[in-house]
Amino acid sequence: MEQNREYMDRIEQLLKKQSNLILLQSVLIAILALGGIALVVMVGRLLPDLQVLMTQMESTLTDMEQITAQLAEADLKGMVDNVDQLVNSSQSAVEQAMEKLNGLDLDTLNKAIKDLASVIEPLAKFFNVFH
């Protein structure tokens, strides 16, 4: 009989332990359920924003594809060659202008301007008399 009592005590301890584990399991399930509900609510609130973001990303990707296609079609080497030719022709024109400026005899030009001024000054005075 005493052995039965030991078995009964042991069974009672195991049942208490099992009851505590079931209670813990119930609490954890309730927490998970609340977390799931919170997650569903958050996703529900974010869904319109995500849809807008997806639309913007789709538009951006389309634009990037078009730009990539245009760049692939562009003759970049030809553009660089054209710019190079433009720079070379501009450099040549600047060199020619500098050669012409260097070829001017500034002393003679200054003397001619002074001579012209000395001739025009008396004429200007003469015509100012009639005014």
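Residues numbered from 1 in each chain as written. Predicted model: local features only at pLDDT ≥ 70, side-chain atom pairs only at ≥ 80, totals over all residues. Heavy atoms only, no water.

A few words on the overall build of the protein. Looking only at helices and strands, one finds three helices and zero strands in the protein. Order of helices (α) and strands (β) in the protein, N terminus to C terminus: α-α-α. What you see for the protein is a C-alpha radius of gyration of 49 Å, clearly larger than the 14 Å of a compact globule of 131 residues, by over 25%. Each of the three principal axes of the protein carries a C-alpha extent, and together these read 155 × 45 × 30 Å. Residues counted as buried form 1% of the 131 residues belonging to the protein. Accessible surface computed for the protein: about 12,500 Å², of which carbon and sulfur atoms make up 66%. (Helix = DSSP H or I, 4+ residues; strand = E, 2+ residues; numbered from the N terminus. Rg over C-alpha atoms; globule rule 2.2 N^0.38 Å. Buried < 20%, exposed > 50% of the residue type's maximum accessible area, 1.4 Å probe, protein only. Areas by Shrake-Rupley, 256 points an atom, 1.4 Å probe, with all protein chains shown as cover.)

Our next topic: the environment of lysine 114. The topology assignment puts lysine 114 in helix 3 (residues 106–129). Spatially, the C-alpha atoms of lysine 114 and alanine 124 are 15 Å apart, while their sequence positions differ by 10 residues.

Moving on, we get to the environment of glutamate 95. If you trace the backbone, glutamate 95 turns up in helix 2 (residues 76–103). Owing to a relative accessible area of 42%, glutamate 95 belongs among the partly exposed residues under this scheme. C-alpha separation for the pair glutamate 95 and proline 48, spaced 47 residues apart in sequence, amounts to 65 Å.

This part covers a nonpolar patch on the surface. A cluster of nonpolar side chains, Leu116, Val119, Ile120, Leu123, Phe126, Phe127, Val129 and Phe130, forms an exposed patch at the surface whose accessible area comes to about 860 Å². Here leucine 123 shows up in helix 3. What makes leucine 123 partly exposed here is its relative accessible area of 44%. (Patch = residues over 30% accessible without salt bridge, like charges linked within 9 Å, V, L, I, M, F, W, Y side chains within 5 Å. Salt bridge = Lys/Arg side-chain N within 4 Å of Asp/Glu carboxyl O.)

A few words now on the confidence of the model for the protein. Per-residue pLDDT for the protein averages 86, and the proportion of residues at 70 or more is 99%. Here helix 3 stands out as the element of the protein with the lowest mean pLDDT, 80, in contrast to helix 1 (residues 2–73), whose mean of 91 is the highest. (pLDDT = per-residue confidence, 0-100.)

Before going further, it helps to examine the pattern of salt bridges. Scanning all chains against the criterion turns up two salt bridges. Put simply, glutamate 12 and lysine 16 hold a salt bridge, and the shortest N to O gap is 4.0 Å. Of this pair, glutamate 12 and lysine 16 are both found in helix 1, four residues apart, which corresponds to roughly one turn of the helix. By relative accessible area, glutamate 12 is classed as partly exposed at 43%. Overall, lysine 16 belongs to the exposed group, its relative accessible area being 53%. Two residues, lysine 111 and aspartate 115, come together in a salt bridge whose shortest N-O distance is 3.3 Å. Placement of the pair is lysine 111 and aspartate 115 together in helix 3, with a separation of four residues, close to one helical turn.

Within the secondary structure, serine 59 sits in helix 1. C-alpha of serine 59 to C-alpha of tyrosine 7: the two residues are 52 residues apart in sequence and 73 Å apart in space.

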